[in-house]
Every structure is written in structure tokens, then in C-alpha cells.
2 protein chains.
Amino acid sequence: MSLLVIGSVAFDTITTPFGKCKNVLGGSATFFSISASFFSPVNLVAVVGKDFPESHIRFLNKKGVDTKGLVIESGKTFSWEGEYNWDFSNPSTIATNLNVFADFNPKLPREYRNAPYVFLANIDPEIQNKVLSQISKPKLVACDTMNYWIENKKKELKKLLKKIDIFFINEAEARELTGEASLVKAAKDIIKMGPKKVIIKKGEHGSLFFSENSVFSTPAYLLESIHDPTGAGDTFAGGVMGYLAQAAGSVDKSLRKAIVYGSVMATFAVEDFSLRRLGTITKKDITRRFNKFKKLTHF
Amino acid sequence: MSLLVIGSVAFDTITTPFGKCKNVLGGSATFFSISASFFSPVNLVAVVGKDFPESHIRFLNKKGVDTKGLVIESGKTFSWEGEYNWDFSNPSTIATNLNVFADFNPKLPREYRNAPYVFLANIDPEIQNKVLSQISKPKLVACDTMNYWIENKKKELKKLLKKIDIFFINEAEARELTGEASLVKAAKDIIKMGPKKVIIKKGEHGSLFFSENSVFSTPAYLLESIHDPTGAGDTFAGGVMGYLAQAAGSVDKSLRKAIVYGSVMATFAVEDFSLRRLGTITKKDITRRFNKFKKLTHF
């Protein structure tokens, strides 16, 4: 079944210990879409400026991403500049230029309003709420957020959480949102806020999944080297949601595999800058790495 | 088969955010022995002072730990005082009193010199080398170390590593020993130094196992709260080595399960101060948690 994503499409300028790349394709919805596209059709809702190259749109379409909802506004595309040091977990932001993204207030195309699977990427929870209200009876709604919204739009975020099936959050944010140091306790608190399921992303340490009656813990896949972690979290979510949308059946039955597929997709994202690696892999590469992941973790 | 451990038996004074305990039973060989004793008979080699209570020795014996090699010297028992803050990964040392441990230079009882399974807990690698030379044809030798020896006795440590089958090391130490940020690369470098197998301990993030042709990654078991992490690494090693000693067959065949048993034992160690929890569990508690671990990680 098809999967709708609302988020950012951007230009990234990134410096890591391995090099620098300028104005490459980035944005939460981009990484999510490309990752999910390996599993199910994706409908993308975002905004870009007149400077956004045709070739990027062709790339998205070629991967099975429908761009009917990608609005081109007069002005410049959202851009972000960041720098990573060796620990790779927290980039320093050098510049954020919201540009056309500052007034992002999407009106969904009519044919997207019955979307069964929905992912609200990390944007202002006020907008996440507004978009969600345009969709009639989705089967599964997931969202992401960030520390900025926890600190500045907590009320809107909490309103959103009541309507969420799967909440993606990283470990620092889970602690910040709940005031609990223990992730087990934090997850329990988050479930009380509304989401039926919580996935806590721990970067190079894997992820944790919690629902009221189930827990699942995965280490990260082992890579010799990480080149650029930008987009890893969105790529992870894209793999999870893409797999769930194609499985279409019971979420509980598919979720563990979905999370492992998400982890596998994230490993491709971090192996090169931008979508250079993620955009060139095949289904076979994914299956091979999924099987390796099983071998790495089962006993 | 029986398992020989050489290390420290000590008094710990520990402060955590949950409270303080004074002069309780601690030491690397103590945690290791009690943990391993659930799987196989253990022979303990260590030194204590005249102040070491009979009741501690009775406790060890009751658990199946042979204390023929526990020498009582005139003087005081080694004691350590440390404090943990909320992150629980790095205690600040407030005081270390080596006392009788300062001249620890064990001469193995004759009946221990044919030990098939040997664990050299974290002590001066010079002494680890000397002890090992007293054992004739062990089947499996494992050791632990710490940053202090990497910084101050690297030559002796490297000499030891040539004779080691399984090397237990934590992630920071693995990076320090090899100068590699990537744990995959660090493990490869360590295997080149001699050990056939390396287990990298990542605390709350689980552990990684590497040999020339195999990799195994485990997340940590999920606990709602950690009360005192002292001894977790030695308890982990005790579970791993105890399980291998009782399995007695091919190490490669048993190692994944051994590592999970080690992780399970460590969770009991951290649930209370000293050996309060670890010393009172049953085989049934261990099996139950092992099965939960499988449910937590398999997909």
C-alpha cells in the first residue's frame, strides 16, 4: 500500500573528518522517501524553491516517489550546513536557511487524503497536526520530532502524540521529553502520552522498540567506517514504514522485521555523503545485509 | 570442567545516586567467581588481609568456589572507594588502598597447575604472565585488562596477548590500545596482536565479539534501573567463562550462548550493591532471564 510522507527537501552542505560536500540533496522527507521506495510506492509532500534542479525530481520519480505534492515556490530551497567530528553523533550547525520552508503549510493533493500509511517527518508539530487533520482514517500514522519542538512547542507536540501509532524519537529526546534517565521508564511514559508504539533510536548503538506488551532491542549493524550520518534517522524510519506499508497486514507481526530493515537501510545512508550510496543500491544489496544482520545477532 | 581465576578480592565503598555502602565484598575475582560458580566449579587465587571475615570465605565456599588459593597475609585487604553519577559508566575513584595486594605474586597450588580453563582478571600484566607460566597446557586462557596497564605496561601486556585465547576489553580501552576509533578496525588489530577472539564490552550498549571469521553483536538486557555497576564486567566474564567450562566442547559452538549468559549474569550484578543480588539468585532466575533475552532480540 502507498505511503505518504510530509517533511523537508533541502540542500545540505556537510563537513566530516572524511571531507566536505556542498549543496547536495538532503532533507528528512528525501531520505525517508528514497529509503521507503525500495519497499512501497511513496507520495511526497514538501516545498522547494525555484533553484531546485529538475534532475533531483527525476531521481525521486525514477525511484518510485510521486512528487505531485512537491510544491515549487518562488524563492530559495531550504538549506542546512553542518559539521561532524569523530564521534558522529552531534553535528554542529553552521547555518540554517529556512527560505521557502519558513512558510511551509501544506495542503494535501486530493488523491493523498486517503493515505493508509502516513509519516510526519520532523517539522513544527503545529503543521504536523494540521496535515494529519486533512487525512481521513489513516491505517497507521507515525511521526518524528526533535529537541527544539520539545522545548518550544510541547503543547502542540503532546496534542499530536495522542493521534500517533508509532513515535520515532532518539534517546536524548526521549529523556528530555519525559525527564526520565532510564529509557525503559521513558518509553512507558511516552506510551501514556498516546503513541501505541515507541521506537527509540540510539544511533551507533541500535534501537529499542516498546509497546504496551512487547519490547525489542537491536544493536546496530557493524560498519568499518561511517562517512556521513546525515539522514540516518529518516532513512531508518523510511525502511520501517516502507516495510510495514508493503507487508500491509498486522503491524505487530511485521514490526521486528521492519525495524531490522530500517537499520539496514540506515547503514547504506551513512556509507557516503547525501544519497550517493542509498540512491544506487539494489533490493539484492538490502536482502544480503538483512541476512547478515540476522547472523550477527542470533544465538 | 574446572575454571581457575586469578585476580583481586577486595572491600568496596561505593556511592551511587541510590545510596552508599561501606566496605562490602568486592574485587574482580570475587564477582567473576560467584558468577561462574552457577555453571562450573571455580578455583580462586587471590590475596586478602587478616581483616577479611570468615563469613565471606564461607559464602564463596558455599557457592562452590574453592579457596585453597586464597592466601591470607598479615596486613589489610585491598580496598577501593568510588562514586558513580547518573551516567554510571565512569566512576570517580576516591581512594585505592592496595594493602596486601601491593605484593601479590601468586604461586599456584600444585592441584591448580593443570587447570583447563583459566581467567586472568585485571591485574598487572607482568603478574598475569608469571601466573600463566605456572600452568601446563591450559585448554582456554582468557584475560581482562584496564587503561592503566595499556598506558604503563604495554610491552608486558602485548607479551601476554600472544598467549591469550579470549581477550575481554571495554570499548574505550580497545580504542586506546589500537588507536582506532572504529571498533571493527580495533578488533581486527587486536586479533593481529595474538588473541584468537576478542569480546568488546560496551556497558549499557551490550557487547561485540570478533574472531577471524565470525562476528556477534548483543544489545544489553533492558533493566528499569541500575543500582551499582561495580563488578559488571567481571560478572559478565564469569558467566562467559563458566558457561564455556561447563560446555567443555568446541568454544566456537558455545560462544554466542556463553556471551548471552554473561550478559544475563551482569544484569543481576548491577541490580543491587556488591553481591547482594548476584549471591542470592537461583539457576531458575538465570534461565528465565536468558529466555527473555532471546525474546528481546530475535526477529
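Fair warning: this is a prediction, and the values are worked out from it, not measured in the lab. (Residues numbered from 1 in each chain as written. Chains lettered and ligands numbered in written order. Predicted model: local features only at pLDDT ≥ 70, side-chain atom pairs only at ≥ 80, totals over all residues. Heavy atoms only, no water.)

> Just checking my understanding: could you explain the packing of aromatic side chains for this structure?
Where two aromatic rings form a pair, the distance of their centres and the angle of their planes describe that pair. Residues and elements named next belong to chain B. Counted according to the given criterion, the structure contains 30 aromatic pairs over all chains. Between Phe-32 and Phe-119 the ring centres are 4.3 Å apart and the planes differ by 0°, which places this aromatic pair in the stacked class. Here Phe-32 is found in helix H1 (residues 28-36), whereas its partner Phe-119 is found in strand S8 (residues 117-120), with 87 residues between them in sequence. No difference in accessibility class separates Phe-32 from Phe-119, as the two residues are buried. With a centroid separation of 5.2 Å and 25° between ring planes, the pair formed by Phe-101 and Phe-104 is classed as stacked. (Phe/Tyr/Trp six-rings, centres within 6.5 Å; stacked < 30°, edge-to-face > 60°. Helix = DSSP H or I, 4+ residues; strand = E, 2+ residues; numbered from the N terminus. Buried < 20%, exposed > 50% of the residue type's maximum accessible area, 1.4 Å probe, protein only.)

> Sorry if this is basic, but what is going on with the confidence of the model for chain A here?
Parts of the prediction with low pLDDT should not have their coordinates interpreted in detail. The predicted model of chain A has a mean per-residue pLDDT of 96, with 100% of residues at 70 or higher. Across the whole predicted complex the pTM is 0.91, and at the interface the ipTM reaches 0.85. (pLDDT = per-residue confidence, 0-100.)

> How should I be thinking about helix H1 (residues 28-37) of chain A in this particular structure?
Because the α-helix completes a turn every 3.6 residues, residues three or four places apart line up on one side. Burial analysis of H1(A) places 10 of its 10 residues in the buried class, the great majority of the element. Where H1(A) is concerned, the buried positions are Ser28(A), Ala29(A), Thr30(A), Phe31(A), Phe32(A), Ser33(A), Ile34(A), Ser35(A), Ala36(A) and Ser37(A).

> Can you walk me through the pairing of strand S6 (residues 79-83) of chain B in this structure?
All names here are of chain B. In this sheet, S6 lies alongside strand S2 (residues 10-16) in parallel orientation, the contact comprising five bridges. Note that in S6 the partner of Thr-15 across the bridge is Glu-83. Bridging between S6 and strand S7 (residues 92-97) involves five bridges; their strand directions are antiparallel. Across the sheet, Glu-81 pairs through a bridge with Ala-95, a residue of S7. (Pairing = 2+ DSSP bridges.)

> So what exactly am I meant to see when it comes to the interface of chain A and chain B here?
Where interface size is quoted, it is often the accessible area lost as the parts come together. Across the contact, 30 residues belong to chain A and 30 residues belong to chain B. The interface formed by chain A and chain B holds two salt bridges in total. The salt bridge partner of Lys188(A) is Glu224(B), with a shortest N-O separation of 2.3 Å. The interface formed by chain A and chain B contains 12 residue pairs in polar contact (both at pLDDT 80 or more). Those elements giving two or more residues to the side of chain A that touches chain B turn out to be helix H6 (171-178), helix H7 (183-193), strand S12 (207-211), strand S13 (214-218), helix H9 (251-269) and helix H10 (283-297) of chain A. Among the elements that take part in the side of chain A that touches chain B, H10(A) stands out by supplying six residues, more than any other. Looking at the side of chain A that touches chain B, its residues break down into 14 nonpolar, six polar and 10 charged. (Contact = heavy atoms within 4.5 Å. Salt bridge = Lys/Arg side-chain N within 4 Å of Asp/Glu carboxyl O. Polar contact = N/O pair within 3.5 Å; in protein donor to acceptor, adjacent residues only side chain to side chain. Nonpolar A, V, L, I, M, F, W, Y, C, P; charged D, E, K, R; others polar.)

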